[in-house]
Amino acid sequence: MHKITLIPGDGIGPEVTDSCIKIIDATGVNIEFEKVDAGADVMETEGTPLPDYVLSSIRKNKVAIKGPITTPVGSGFRSVNVALRKKLDLYANLRPTRSFEGINTRYENIDLVVVRENTEGLYAGIERYTSDDKSSGETIRRITKDASERIAQFAFEYAKNEKRNKVTVTHKANIMKVTDGIFLDAARKISEKYPNVEFEDRIIDNMCMQLVVKPELYDIILAPNLFGDILSDLCAGLVGGLGIAPGANIGDEIAVFEPVHGSAPKYAGMDKVNSTATILSGVLMLKYIKETDAADSITKALEAAFREGKHLTYDLGGDAKLSEFTEYIISKLP
Ligand code: NAD
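Parameters at a glance
Numbering of residues starts from 1 in each chain and follows the order in which that chain's sequence is written. It should be noted that, the model being predicted, local features are given only for residues of pLDDT at least 70 and side-chain atom pairs only at 80 or more, the latter also being counted only at that level, while totals for whole chains, interfaces and linings use all residues. By convention in this description, side-chain values take in all heavy atoms of the structure and omit both hydrogens and water. Among buried residues, the Ala, Val, Leu, Ile, Met, Phe, Trp, Tyr and Cys ones that are joined through side-chain atoms within 4.5 Å form a nonpolar core. For each residue, the accessible area found with a 1.4 Å probe, counting protein chains only, is set against the maximum for its type, and the residue is called buried under 20%, exposed over 50%, and partly exposed in between. These domain boundaries are the output of an automatic or database domain assignment. Residues count as neighbours in contact if any of their non-hydrogen atoms are within 4.5 Å of one another. Each patch groups residues whose relative accessible area exceeds 30% and which form no salt bridge, using 9 Å between like charges and 5 Å between nonpolar side chains of Val, Leu, Ile, Met, Phe, Trp and Tyr. Computed with the Shrake-Rupley method and a 1.4 Å probe, the accessible areas treat only the protein chains shown as cover for residues. The salt bridge definition used is simple: a Lys or Arg side-chain nitrogen within 4 Å of an Asp or Glu carboxyl oxygen. Secondary structure elements are defined from DSSP: runs of H or I of at least 4 residues count as helices, runs of E of at least 2 residues count as strands, and each element is numbered from the N terminus. The span expected for a helix works out to 1.5 Å for each residue beyond the first. Here, a strand pair is defined by DSSP locating no fewer than two bridges between the strands. The axes used here are C-alpha line fits, helices contributing only the stretch in contact, and every angle between their N-to-C directions lies in the interval 0 to 180 degrees.

Student: Quick rundown of the nonpolar core? Include the residues and the values.
Tutor: Counting 81 residues, the largest nonpolar core has Leu 222, Met 285 and Leu 286 as its most contacted members. No fewer than three residues from each of domain 1 (1-95 + 243-334) and domain 2 (106-239) sit in this core. With residues up to four places along the chain from it excluded, the contact list for Leu 286 reads Ile 24, Val 29, Ile 31, Glu 291, Thr 292, Ala 294, Ala 295 and Ile 298. With 16 residues, the next largest nonpolar core counts Ala 38, Phe 77, Leu 84 and Leu 88 among its residues.

Student: Account for a nonpolar patch on the surface, naming residues and giving values.
Tutor: Together, Met 209, Val 212 and Val 213 give the surface a local cluster of nonpolar side chains, amounting to about 260 Å² of exposed area. The topology assignment puts Val 213 in helix H7 (residues 204-213).

Student: Mind laying out helix H10 (residues 292-308), listing which residues take part and the relevant values?
Tutor: Side chains three or four residues apart in an α-helix point the same way, a direct result of the helix having 3.6 residues per turn. Helix length check: H10, at 17 residues, gives a terminal C-alpha distance of 24 Å against a target of 24 Å (1.5 Å per residue), a fit within 8%. Turning to H10, the residues buried within the fold contact helix H1 (13-26), strand S4 (92-98), helix H9 (276-288) and helix H11 (322-332). Gly 309 lies just past H10 and shows a positive phi near 75 degrees.

Student: An account of the sheet that holds strand S8 (residues 166-171) is needed here, citing residue identities and associated values.
Tutor: If you trace the 10 strands from one edge of the open sheet to the other, you get S2-S1-S3-S12-S11-S4-S5-S10-S8-S9, paired in mixed fashion. Taken across any chain shown, the strands that pair with only one partner, and hence form the sheet edges, are strand S2 (31-35) and strand S9 (198-203). With direction set aside, neighbouring strand axes in the sheet form an average angle of 25 degrees. Pairing geometry for S4 and strand S11 (residues 248-250), over 3 bridges, is antiparallel. Bridged to Ala 92 within S11 is Ile 250. This element, helix H8 (residues 225-239), spans S4, strand S5 (111-117), S8 and strand S10 (220-223) of the sheet and lies at about 160 degrees to S5.

Student: Any chance you could break down the environment of Ile 65 for me, citing the residues and the numbers?
Tutor: Within the fold, Ile 65 resides in strand S3 (residues 63-66). In the structure, Ile 65 is positioned 30 residues away from Lys 35 in sequence and 9.7 Å away in space, judged by C-alpha atoms. When residues no more than four places from it in sequence are discounted, the contact partners of Ile 65 are Ile 4, Thr 5, Leu 6, Ile 7, Cys 20, Ile 21, Phe 33, Phe 257, Thr 278, Ser 281, Gly 282 and Met 285.

The following block contains the structure:
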């Protein structure tokens, strides 16, 4: 039996994680979920949005699935999501995006993976006002050779294990010669150990244009923190939006699985949003704990449902409630 930490999150988090857990349970896989709360509501009762018991539960169980957590814009507490990744040293953010037959988009046969460095860069949270009247400020973009090499190593190992052909590193080393120079050099160095995986680099602005015009040229995209975050939303848009884009935060011993999207507060509690991104994060989790039969069953159920095109949520052009979509996926499990 597996024991896994469940963090429902806030906004639409509780609905999408509930849907995902119901579907995982329906496969018959033997998992006990240990539920712990983090986020704005917990801040009121515990004085912190990320209580120690959340971290202890994840450290003990080694694997967690989580819904999105709201981060106040401009002021207020820092991102719980970023803090979790840093405190647990979940240095690799893996964000695969693929097309599903039946989901109407501008593109077909997209199969891309963004591997994003998750612990430093512009998300390190080193920032300050540089004038008393708060009219100027600075954010430090720290990038190290060690962190860059380990994320590059992760990308190439992933390519080797998943039998993928190419890693494209993206950067702005023409302008940020120091920090992105380090990131690019690290990727070049690691690429030499993987002669069977093609390696190339693209400047980030060109990368965005290329992904929109000819996404089929790309396979795995390796990126520093902020660029990877932005690119993964772009990739989600290619295949049908944030409702279907999953993610994983992976360290050497611990992994936390969560959708790419945020807490979408305006849809909270409406039984309306799409839980596919969280379900697919659950599929990544099942593969990680080597429950591949359950992972494959859920993937097949989603593929069958999308092919039929019934009971889709609003973002995919349907009018099904989230609860109807969940029941429908369960009915499609092989
Ligand atoms: P968001 O991803 O929450 O929502 C943007 C839009 O995408 C929504 O308005 C909706 O139209 C669509 N969308 C998102 N999820 C969907 C789903 N499951 N089904 C259908 N449509 C969906 O982005 P935002 O509005 O910029 O951020 C809201 C909050 O979430 C912020 O506080 C932000 O900091 C936080 N956030 C958290 C995480 C995380 O927990 N890892 C990630 C991103 C944003």
